[in-house]
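Residue-level structure breakdown
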Amino acid sequence: MYAIQPETPGAAPRTAPVPAQRSAAPADGGFAVVDVETTGLGRTDRVISAGVYRLDEDGDVVDHWYTLVNPERDPGPVWIHGLTDDVLAGAPTFPQIADEFAERLRGRVMVAHNALFDWNMISREFSRAGLHAPVEQRLCTMVLARDLRLPLPNGKLSSLAAYFGVHQRQAHNALDDARVLAEAFRPSLALARSGGVPLPLQSCLAVTDLGDDAPASPSRASWTGASYRQAKKRPPCPYPNPGRWEDGKPLVQGMRVAFTGDTATDRELLEDRAVEAGLHIATSVSRLTSLLVTNEPDSWSGKARRAREVGTPVVGEDAFLQLLREVAPHPGA
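Everything numeric here is computed off the predicted structure, so don't read it as measured data.

The rules behind each value
- Residues numbered from 1 in each chain as written.
- Predicted model: local features only at pLDDT ≥ 70, side-chain atom pairs only at ≥ 80, totals over all residues.
- Heavy atoms only, no water.
- Core = buried A, V, L, I, M, F, W, Y, C linked by side-chain atoms within 4.5 Å.
- Buried < 20%, exposed > 50% of the residue type's maximum accessible area, 1.4 Å probe, protein only.
- Helix = DSSP H or I, 4+ residues; strand = E, 2+ residues; numbered from the N terminus.
- Axes fitted to C-alpha atoms, helices over the stretch in contact; angles between N-to-C directions.
- Parallel < 35°, antiparallel > 145°, perpendicular 65-115°, else oblique.
- Left-handed = near helix turned anticlockwise from the far one by under 90°.
- Contact = heavy atoms within 4.5 Å.
- Phe/Tyr/Trp six-rings, centres within 6.5 Å; stacked < 30°, edge-to-face > 60°.
- Expected span 1.5 Å × (residues − 1).
- Polar contact = N/O pair within 3.5 Å; in protein donor to acceptor, adjacent residues only side chain to side chain.

What follows deals with the nonpolar core. Counting residues in each nonpolar core, the largest one holds 30 residues, and the members touching the most others are F31, L139, L150, L160, F164, F185 and L199. Every element with two or more residues in this core is listed here: β1 (31-38), β2 (47-55), β4 (109-112), α5 (141-147), α6 (157-163) and α7 (174-195). It is α7 that contributes the most residues to this core, nine residues altogether.

Below is the structure:
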């Protein structure tokens, strides 16, 4: 049985091939499985609810905790998380719950699905309150599933849950998402340990770049459709396309880079950095696209599907930020 609660039994884990070894050791305090719902995806967006399941070193539940958080601004995509202005009006602000939240995290590895996003959001909230989130290491279950080579159709939490027979009762509810992830993490942890697969731990550095102050009530018109912002008009790239990026080599000025899916770093900031480095921002994917940046390479977004069809190279957000540090000059420059 892999389910935390008796009414949601899980399936026995299936044998997974063992990927290359990595050396990483978790903290001794166990794990804090976290999910936060937010007003959006950018640097100025706010946490509006948080759920935490504390687990011991074997993945067994110690306790759980949930809170709403008043962002003191527009709640964003209500149709996703269901948290309206009225629901959040009487909730505590983040500084009022920061001590309790910190106690839930302290001394534990923070586990989340797309953990870079959750960490950045949480760290920024602590920074706004003049505090430091007491987390030294994080673990992304999307990366762990990849390292275990689980045959998932995509990187969604629902797919990971279905693989282990975990019933998802209320998607985009922070407490239920944390419960689902905790139930899926325990058999994942067991598989990693039995197969000698190192946990993909990452060091957590405090985020202090909070962006510009967000307006008290941003236009709700900006929250329609699949994107949460209007596309920024940019001057044409001065360099011709040198071709596709190759693994192990640097990016080259003029390369056409496309983005899809959620990113922990504000999308506009990612694009600004790419343009400053001499790259071209592609709004679609074709055979001429040099690189697709996504945290969900197996998703069914139009760009991800097209990248698989035409063989466009794909990297995650963390890898792309590393590549941006050293972009090679265009050969014709």
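Additional details are given in the paragraphs that follow.
Moving on, we come to the packing of helix α3 (residues 94-105) against helix α4 (residues 115-128). Contact geometry of α3 with α4 gives a least axis separation of 10 Å together with a crossing angle of 125°. The pairing of α3 with α4 is recorded here as oblique in orientation. As α3 runs across α4, the sense of the crossing is left-handed. Counting all contacts with α3, which are made through F94, A98, F101, A102 and L105, the residues of α4 involved are I122, E125 and F126.

What follows is about the packing of aromatic side chains. According to the stated counting rule, one finds seven aromatic pairs in the structure shown. Plain terms: the ring middles of F101 and F126 are 6.0 Å apart, the flat faces sit at 45° to each other, and that makes the pair tilted. One end of the pair, F101, is in helix α3; the other, F126, is in helix α4, with 25 residues separating them in the sequence. Of the two residues examined, F101 and F126, each falls in the buried class. Ring geometry for Y163 and F164: centres 4.9 Å apart, planes at 85°, overall edge-to-face. There is no split in this pair, since Y163 and F164 are both buried. Ring-pair connections join several aromatic residues into one group, and the members of that group are W65, F94, F101 and F126.

This paragraph deals with α7. The terminal C-alpha atoms of α7 lie 31 Å apart, and with 22 residues this matches the ideal 32 Å at 1.5 Å per residue to within 8%. Most of α7 sits out of view: 17 of its 22 residues are buried. Backbone nitrogen of L175 and a side-chain oxygen of the N-cap are separated by 3.1 Å at the start of α7; the cap is N173. Following α7 by one or two positions, G196 adopts a phi angle in the positive range, close to 70°.

Keep in mind these values describe shape, not function.
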